[in-house]
Amino acid sequence: MEYTQLGRTGLKVSRLVLGTMNFGPQTDEATSHAIMDSALDAGLNFFDTANVYGWGENKGRTEEIIGSWFAKGDGRRDRTVLATKVYGNMGADGEAWPNHDKISALNIRRAVDASLKRLGTDYIDVYQFHHVDRATPFDEVWQAVDVLIRQGKILYAGSSNFPGYKIAQANETAARRGMVGLVSEQCLYNLFERRAEMEVIPAAQEYGLGVIPWSPLHGGLLGGVLKKETEGGRRTGGRAAETIADPANRARFQAYEDLLDKHGLAPGEVGLAWLLTRPGVTGPIVGPRTPEQLEGALRALELNLSDEVLSALDEIFPGPGPSPEAFAW
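Predicted model only: the values in this text are computed from it and were never measured.

Enquirer: Which residues make up the overall build of the protein, and what are the values?
Expert: Looking only at helices and strands, the protein has 12 helices and 10 strands in total. Its C-alpha atoms give the protein a radius of gyration of 20 Å, near enough to 20 Å, the size a compact globule of 329 residues would have. Judged by the C-alpha coordinates and their principal axes, the protein covers about 55 × 55 × 40 Å. For the protein, the proportion of its 329 residues judged to be buried stands at 51%. A total accessible area of about 15100 Å² is found for the protein, and carbon and sulfur atoms account for 49% of it. Placing the 34 positive and 43 negative side-chain charges of the protein at their respective mean positions leaves the two points 4 Å apart.

This is the structure we're talking about:
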């Protein structure tokens, strides 16, 4: 396993991040434990979750599954860099009470204590803001974070789904308070969806944030979806189906699969390996539902993409270009 620093911090994390969103809704507790054991055995030490995972009436269930895994002992917690998130309303569906969501000082205080209880731990390594809260000033957010750090409940703060200007605003406010500020940004980024390259990733690099891409295979579309459909595998649904319903998009994914078939490469592994070549990227989040899917993701770490393949991928899925040139002269 390769390790890197998380942004400008001294924290060492694996180049792949274990996403746990499927634990509970898609994957039962025993299988979830097996996946986490396999990840740790492979040296993958960075685990990501969120307080709302479990969804619906089961919000918090994913954190509980991780907590029961930690409770097995054998150094599981000490060897894991744990990241969770706050923002979504944790009230039961239809009972969304005020102050039970977003990142006010009150909700941060309430949410972190609830996450710690579910996770069965006394600290969170990276506490992430799951979305922008336009109603809460960053001075209030950092005041709450400062208290949590002093209490030993969290070590670092990160963001998720922040635009570039909010990353700058958050860290400039933190700097005025003499605080470290955000150390990571978790954003939508993959071969098909490259808008983060325009401003989010440059802002993250400028302020020393590690970039953690979510949906690295764009909902499975970069995992060889067209070939799987042809061979009678699981059919694509939801937003993924809408994406490939567009003839232009379908042609791009077909060119992608044809290119990788020509070079004898597995699409899912290439989608992850490409992200590992991108400037500023700490590591993409992989969300396996089964141990076999985890094994496939780990193989991406051993894949070295040739310049020929990288150039061809850029032709099929061109990026937006740098800002401001992407939208100015």
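Enquirer: Describe the packing of helix α4 (residues 138-151) against helix α5 (residues 164-176), naming the residues involved and giving the relevant values.
Expert: In contact at an axis separation of 9 Å, α4 and α5 are set at 60 degrees when each is read in the N-to-C sense. It follows from the interaxial angle that α4 and α5 lie oblique. In this structure, α4 crosses over α5, and the sense of that crossing is right-handed. For the pair α4 and α5, contact is made by Phe138, Asp139 and Trp142 and by Lys166, Gln169, Ala170, Asn171, Thr173 and Ala174, respectively. The residue inventory of the contact of α4 with α5, partitioned by class, reads four nonpolar, three polar and two charged.

Enquirer: Tell me about the packing of aromatic side chains, and name the residues and values.
Expert: As enumerated under the stated definition, the model contains 10 aromatic pairs in all. Following the ring pairs from residue to residue traces out a cluster consisting of Phe192, Phe253, Tyr256 and Phe317. One residue, arginine 77, lies across the ring of tyrosine 123, its end atom 4.1 Å from the ring centre.

Enquirer: So, α5: which residues are in play, and what are the values?
Expert: With 13 residues, α5 extends 19 Å from end C-alpha to end C-alpha; this agrees with the ideal 18 Å at 1.5 Å per step. For α5, the set of buried residues is Gly164, Lys166, Ile167, Ala170, Asn171, Thr173 and Ala174. Residues of α5 that are buried sit in contact with α4, β7 (154-160), β8 (182-188) and α6 (200-207). Positive backbone phi, approximately 75 degrees, marks glycine 178, located one or two places after α5.

Enquirer: Give a detailed account of the nonpolar core, specifying residues and quantitative values.
Expert: Inside soluble globular proteins, nonpolar side chains tend to come together where they are buried. Judged by nonpolar contacts, the single largest core of 79 residues is most densely connected at Phe129, Trp142, Tyr256 and Leu313. For leucine 313, the residues in contact, after removing those within four places along its chain, are Leu191, Tyr256, Leu259, Val270, Trp274 and Leu305.

Enquirer: Describe helix α9 (residues 247-262), with residues and values.
Expert: In this model α9 runs 22 Å from its N-terminal to its C-terminal C-alpha over 16 residues, within 8% of the 22 Å that 1.5 Å per residue would give. Restricting attention to buried positions, one finds in α9 the residues Asn249, Phe253, Tyr256, Glu257, Leu259 and Leu260. Around the axis of α9, the buried residues are gathered within 160 degrees of arc, so they sit on the same side. More than 90 degrees from the buried face of α9, the exposed residues found are Pro247, Asp261 and Lys262. Where α9 is buried, its residues meet α7 (225-230), α8 (238-245), α10 (267-276) and α12 (307-316).

Enquirer: Now, about the packing of α8 against α9: what can you tell me, with residues and values included?
Expert: For the pair α8 and α9, interaxial distance at closest approach is 5 Å and the crossing angle is 95 degrees. Classed by the angle they form, the pair α8 and α9 counts as roughly perpendicular. Here α8 contributes Thr243, Ile244 and Ala245 to the contact with α9, which in turn contributes Pro247, Asn249, Arg250 and Phe253. Across the contact of α8 with α9, the residue classes break down as four nonpolar, two polar and one charged.

Enquirer: Lay out the pattern of salt bridges with the relevant residues and their values.
Expert: Enumeration over the complete set of coordinates arrives at 15 salt bridges. The salt bridge involving aspartate 125 is made with arginine 77; its shortest N-O contact spans 3.0 Å. With aspartate 125 in strand β6 (residues 124-129) and arginine 77 in the loop between α2 (61-70) and β5 (81-86), this residue pair connects regions lying 48 residues apart in the sequence. Residue arginine 278 is joined to glutamate 197 by a salt bridge in which the shortest nitrogen-to-oxygen separation is 3.4 Å. Taken together, the residues span a long stretch of sequence, with arginine 278 in the loop between α10 and β10 (285-286) and glutamate 197 in the loop between β8 and α6 at a distance of 81 residues. Among the residues examined, glutamate 197 registers a relative accessible area of 15% and is labelled buried. A single salt-bridge network, built from bridges that share partners, covers Arg194, Glu197, Arg278 and Asp314.

Reading the values: the criteria
- Residues numbered from 1 in each chain as written.
- Predicted model: local features only at pLDDT ≥ 70, side-chain atom pairs only at ≥ 80, totals over all residues.
- Heavy atoms only, no water.
- Helix = DSSP H or I, 4+ residues; strand = E, 2+ residues; numbered from the N terminus.
- Rg over C-alpha atoms; globule rule 2.2 N^0.38 Å.
- Buried < 20%, exposed > 50% of the residue type's maximum accessible area, 1.4 Å probe, protein only.
- Areas by Shrake-Rupley, 256 points an atom, 1.4 Å probe, with all protein chains shown as cover.
- Lys, Arg positive; Asp, Glu negative; His and termini not counted.
- Charge placed at Lys NZ, Arg CZ, Asp CG, Glu CD.
- Axes fitted to C-alpha atoms, helices over the stretch in contact; angles between N-to-C directions.
- Parallel < 35°, antiparallel > 145°, perpendicular 65-115°, else oblique.
- Left-handed = near helix turned anticlockwise from the far one by under 90°.
- Contact = heavy atoms within 4.5 Å.
- Nonpolar A, V, L, I, M, F, W, Y, C, P; charged D, E, K, R; others polar.
- Phe/Tyr/Trp six-rings, centres within 6.5 Å; stacked < 30°, edge-to-face > 60°.
- Lys NZ or Arg CZ within 6 Å of the ring centre and 35° of its normal.
- Expected span 1.5 Å × (residues − 1).
- Core = buried A, V, L, I, M, F, W, Y, C linked by side-chain atoms within 4.5 Å.
- Arc of directions from axis to C-beta.
- Salt bridge = Lys/Arg side-chain N within 4 Å of Asp/Glu carboxyl O.

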